Amino acid sequence: MSDHQNLQQWVERSLPRQFLTSAAPQLFPLSGDAGFRRYFRVNCAPSLLAVSAPPEHENNEAFVRIAALLKYGGVRTPRIYAVDYSQGFLLLEDFGDQLLLPLLSSETADRFYQKAEDTLLVLQGVPLADSGLAVYDRQRLRDEMRLFPEWFLKQLLGLDITTEDSRLIEQTFEQLVTSALSQPEVIVHRDFHSRNLMLLADGDIGVIDFQDAVRGPLTYDLVSLLRDCYIRWPAEYVSRRARNYYRRVVATGVADTVPDSQFLRWFDLMGLQRHIKVLGIFARLWLRDGKPGYLTDLPLVLHYTLEQLTPYPELHDFKSWFERRVMPLVQIQPWYQKK
């Protein structure tokens, strides 16, 4: 029996009574994400989502546990109606199809980012005590960035990394990790951006794809939101929103006041850590997982990387190296276009 048939039969057995209709439920496939999960809309009333998330690839226990943690803290996560851990099947509340990304424009950005920041403020206010979340520690931060030399530089660009290159890369990684670990610690979604935020029918923001949440740096999710890998905003607009958000965080008592220059340094260097990691992840999604769509997002991530290296003299050696050794190989790639 195919996985789809198994899921169909499981949904028929697991569908709560209030969703039953006279006809057998049907499953309609939806587009997936960067992981191994597959989504199907179930034609009950109201509709539900059936998810096939292979347990050898997806941490479904973490998804269920973190969904409950965030929901209890006031974050809108999908209600979970049924789960089969052995098969990797879940039956979830259907948040609809309205991702935040296609709604964003110069006319709507303020309104929707205000909503998203309101949601982030709630998420960062969820108590860390007894959360059971892993810590976004030095090893995890460095391991993520090591995807960059392995998958982006070596595998995608074919760069022959010298001992001198490696030394400079590791020195830069250490600077970024040190900055990250100096920040106040909150719950970190890790992919809090416009493709994982949904506008719900009641006008609230729904949050999805949260199963990798950890305890970590205050600015991580904010930089994911405002320096989104899928949409670009003027640097001054991003800086202003970031500063204003920080004042709101301080007012809640989650963080103490620091000078704007210190907060923006945290924000910029956290963005560098994230974007260096993402260069490796997007390259791997193509080379290992056969998902070419992420290649077209690489130019914006490269733009962010160079942009955030510029203000900081201690990172100028890395910036010079990036422009001299990496960008000539980038500029001959078929997916490259200047942002």
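Given the structure is predicted, the values throughout are model-derived calculations rather than measurements. (Residues numbered from 1 in each chain as written. Predicted model: local features only at pLDDT ≥ 70, side-chain atom pairs only at ≥ 80, totals over all residues. Heavy atoms only, no water.)

J.: Looking at this structure, how should I read the nonpolar core?
T.: Most often, soluble globular proteins have nonpolar side chains that are buried together. With 101 residues, the main nonpolar core has Phe 148, Phe 152, Leu 153, Trp 321 and Phe 322 as its most contacted residues. No other element matches helix H9 (residues 260-287), which puts 13 residues into this core. Excluding residues within four positions of it along the chain, Trp 321 makes contact with Phe 148, Leu 153, Leu 159, Asp 165, Leu 168, Ile 169 and Val 326. Listed in part, the 14 residues of the second largest apolar core include Leu 27, Phe 40, Cys 44 and Leu 48. (Core = buried A, V, L, I, M, F, W, Y, C linked by side-chain atoms within 4.5 Å. Buried < 20%, exposed > 50% of the residue type's maximum accessible area, 1.4 Å probe, protein only. Helix = DSSP H or I, 4+ residues; strand = E, 2+ residues; numbered from the N terminus. Contact = heavy atoms within 4.5 Å.)

J.: I would appreciate a short explanation of the packing of aromatic side chains in the present structure.
T.: The way to describe two aromatic rings as a pair is by their centre distance and the angle between their planes. With the rule as written, the count across this model stands at 15 aromatic pairs. Judged by centre distance (6.0 Å) and plane angle (50°), the rings of Trp 233 and Tyr 237 are tilted. For Trp 233, a relative accessible area of 13% gives the class buried. Taking the relative accessible area as the measure of exposure, Tyr 237 reaches 14% and is therefore buried. Seen from the ring of Tyr 136, Arg 190 lies directly overhead, with NZ or CZ sitting 4.9 Å from the centre. (Phe/Tyr/Trp six-rings, centres within 6.5 Å; stacked < 30°, edge-to-face > 60°. Lys NZ or Arg CZ within 6 Å of the ring centre and 35° of its normal.)

J.: Would you mind going over the environment of Val 301 with me for this structure?
T.: With respect to the secondary-structure elements, Val 301 resides in helix H10 (residues 298-309). By relative accessible area, which is 0% here, Val 301 ends up buried. With 38 residues separating them in the primary sequence, Val 301 and Lys 339 have C-alpha atoms 9.3 Å apart. Residue contacts for Val 301: discarding those within four places in its chain leaves Cys 229, His 275, Val 278, Leu 279 and Phe 282.

J.: Explanation requested: the pattern of salt bridges in the structure shown.
T.: Pairing is possible between side chains that carry opposite charge, provided their charged atoms lie close to one another. One pass over the structure, following the stated rule, counts 27 salt bridges. Of the charged contacts, one joins Arg 37 and Asp 209 as a salt bridge, the two residues approaching to 2.7 Å between their closest N and O atoms. Of this pair, Arg 37 sits in the loop between strand E1 (27-30) and strand E2 (38-42) while Asp 209 is found in the loop between strand E8 (205-207) and strand E9 (214-217), placing the two residues 172 residues apart along the sequence. Arg 37 sits in the buried class, given a relative accessible area of 10%. Its salt-bridge partner being Asp 97, residue Arg 41 comes within 3.0 Å of it at the nearest N-O pair. Taken together, the residues span a long stretch of sequence, with Arg 41 in strand E2 and Asp 97 in the loop between strand E5 (89-93) and helix H3 (109-124) at a distance of 56 residues. Arg 41 sits in the buried class, given a relative accessible area of 18%. (Salt bridge = Lys/Arg side-chain N within 4 Å of Asp/Glu carboxyl O.)

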